Amino acid sequence: MNRRASAREFVDLAREIPVLDVRSPGEYLKGHVPGAISFPLFDDQERGEIGTLYKQVGRGAAVDRGMTLVQPKMQRMYREGIAHAKKGKLLVHCWRSGMRSESVAAMLAVSGLDIIVLEGGYKAFRNWVLQRFIQSYPIRLIGGATGSGKTEILHKIAERGSSVLDLEGHADHRGSAFGALGAQREVMPAQFENDLAWELQRAKGPALWIEDESRAIGKLHIHADLWQQMKQADLYLIELPIEVRIARLIEDYGDFPKSELLDSVAKIKRRLGGLRYAEVTEAIQKDDAETAVRILLEYYDRSYRYANKDRSAGKVQVLRYPEFDAEQIAEDLLALGQ
């Protein structure tokens, strides 16, 4: 009999023991336990076929077809599965801790490994994820207009051992019309929540540092409960001279192809207005990055001021610097935010 673990215990174990997600590749893609290995018992087509049989004919026919499909895979799955084990243990789950996880767990247990099945499956894990967002956290927000180096400062704080939640990093998006430039992957909404909950679970210390964001980061959204906490948190606004910010933005975005930059500007064409849109696109075409960035900052600065105009909860503290020094700013924030 394989041992079962609650979602809470499973998460603790999963930080050290490999997780085999035996759902179909499509299910895994929509969202999975961070770090879990896709180890499908059935591919997407096979899963669909079995599901149809179950609904139209019955459980017996579905089980029989499933056994037929699995039999040729068993030796390969057995060898690959036990190869993933660590310290003689493996974690296994499917959607609701049903036949898929039990079948794979039973097969792998023959090897003598300690196989632990997630009670309630991925559905139970998702419930655990959503519970993380209603917990209370000592949030400190790093704010500042576009080009203030907030993400770099956040990383410097993390390097010093303090807890951070890198929203843009988990979203693989920089949070503006230009945010998708250089993105390496498309993050699914459920996976975004899974990854954030995973980080929130291990947050410790007197402060949890988060970059001040709008609720939407590209196509993703911060969970409503976490967003409400962020709106109530203390905000530390970094202010840098506009020339410093322009230089930083040119360094960050100047090497992207013109076509990609123009596509990004087109996303905010209506909000920029016809004249400014024409001026920005002309500047990009002429390789006049400074003019393009200066015009865009007028729009982004106004938008940022508007987003914070009604802020009443939590204190707002402004930190002004003549130059950008992420190390120094991180140290100052840590001293202020304890």
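The structure under discussion appears in the preceding block.
Residue positions are given per chain, counted from 1 along the sequence in the order it is written. For this predicted model, a pLDDT threshold of at least 70 governs which residues receive local features, and a threshold of 80 or more governs which side-chain atom pairs are given and counted, while totals over whole chains, interfaces and linings are taken from all residues. With hydrogens and water set aside, each side-chain value is computed from the structure's full complement of heavy atoms.

Draft legend 1. Quick peek at the pattern of salt bridges. One speaks of a salt bridge when a side-chain nitrogen belonging to Lys or Arg is within 4 Å of a carboxyl oxygen belonging to Asp or Glu. All chains considered together, the criterion is met by 23 salt bridges. One salt bridge in this structure joins aspartate 114 and arginine 3, with 4.0 Å as the shortest N-O distance. Of this pair, aspartate 114 sits in strand β5 (residues 114–118) while arginine 3 sits in strand β1 (residues 3–5), placing them 111 residues apart in sequence. Each residue is assigned to one of three classes by its accessible area relative to the maximum for its type, calculated with a 1.4 Å probe on protein chains only: buried under 20%, partly exposed between the two thresholds, exposed over 50%. Judged by its relative accessible area of 34%, arginine 3 is partly exposed. Residue lysine 73 pairs with glutamate 46 through a salt bridge whose shortest N-O separation is 2.6 Å. Separated by 27 residues along the polypeptide, lysine 73 in the loop between α4 (59–70) and α5 (74–83) and glutamate 46 in helix α3 (residues 44–56) bring together distant segments of the chain. Think of it this way: any DSSP run of H or I at least four residues long counts as a helix, any run of E at least two long counts as a strand, and we number them from the N terminus.

Draft legend 2. Structural detail: the pairing of strand β8 (residues 208–211). Of the two faces of β8, the one holding Leu208 and Ile210 and the one holding Trp209 and Glu211 are both buried throughout. One ladder, built from four bridges, connects strand β6 (residues 139–144) with β8; its direction is parallel. From the neighbouring strand, isoleucine 142 faces β8, where its bridge partner is glutamate 211. Strand pairing follows a simple DSSP-based rule, namely that at least 2 bridges must link the two strands. Taken together, the three bridges between strand β7 (residues 163–165) and β8 define a ladder with parallel strand orientation. Considered in β8, the bridge of serine 163 is made with leucine 208.

Draft legend 3. Summary view of helix α8 (residues 150–159). Taken together, the buried positions of α8 are occupied by Lys150, Ile153, Leu154, Lys156 and Ile157. The buried residues of α8 all sit within an arc of 160 degrees when viewed along its axis, so they share a single face. Working rule for contacts: check all heavy atoms of both residues, and any pair within 4.5 Å makes them a contact. Where α8 is buried, its residues touch β6, β7, β8, β11 (234–239) and α17 (326–336). Glycine 161 occupies a position one or two residues after α8 and carries a positive phi of about 90 degrees. The directions considered for the arc run from the helix axis to the C-beta atoms.

Draft legend 4. Quick peek at the nonpolar core. Judged by nonpolar contacts, the single largest core of 44 residues is most densely connected at Leu91, Phe125, Ile139, Leu165, Leu167, Ile210 and Met230. Apart from the residues within four sequence positions on either side, leucine 167 is in contact with Phe192, Leu196, Ile210, Glu211, Glu213, Ile217, Ile222 and Met230. Core analysis: the next-biggest nonpolar cluster, separate from the first, contains 23 residues, Tyr253, Ile284, Ile295 and Tyr300 among them. By nonpolar core is meant a set of buried Ala, Val, Leu, Ile, Met, Phe, Trp, Tyr and Cys residues that side-chain atoms within 4.5 Å join together.

Draft legend 5. Spatial organisation of the environment of glycine 179. Checked against the element boundaries, glycine 179 lands in the loop between α9 (167–171) and α10 (189–201). Note on glycine 179: relative accessible area 2%, which makes it buried.

Draft legend 6. Local environment of the layout of surface pockets. Points on a 1 Å grid over protein atoms alone make up a cavity when a 1.4 Å probe fits among them but cannot get out, and a pocket when they form an open set with protein on both sides within 12 Å along at least five of seven lines; lining residues each have an atom within 4 Å of a point. Grid points are joined across faces, edges and corners, and a volume is the space filled by probe spheres set on the points. The calculated volume of the second largest pocket comes to roughly 950 Å³. In this structure, the second largest pocket is lined by 28 residues; those nearest its centre are Phe42, Ile50, Gly98, Met99 and Arg100. Counting residues per element, the ones that place at least two in the lining of the second largest pocket are α3, α4, α5 and α6 (99–109). Counting residues per element, the lining of the second largest pocket draws most heavily on α6, which supplies seven residues. Polarity classes work like this: nonpolar for Ala, Val, Leu, Ile, Met, Phe, Trp, Tyr, Cys and Pro, charged for Asp, Glu, Lys and Arg, and polar for all others, with Gly in that last group. Among the residues forming the lining of the second largest pocket, the class breakdown is 16 nonpolar, five polar and seven charged.

Draft legend 7. Molecular detail of the sheet that holds β6. An order of β7-β8-β6-β11-β12 is seen for the five strands of this open sheet, with the pairing classed as parallel. Each edge of the open sheet carries a strand with a single partner, namely β7 and β12 (316–320). Pairs of neighbouring strands in the sheet enclose a mean axial angle of 25 degrees, with direction left out of account. Both β11 and β12 contribute to a ladder of five bridges, which runs parallel. Pairing of tyrosine 236 across the sheet is with glutamine 317, part of β12. Each axis is a line fitted through C-alpha atoms, and for a helix only the stretch in contact is used; angles between axes span 0 to 180 degrees, taken between their N-to-C directions.

By themselves, these observations are geometric and do not establish any function.
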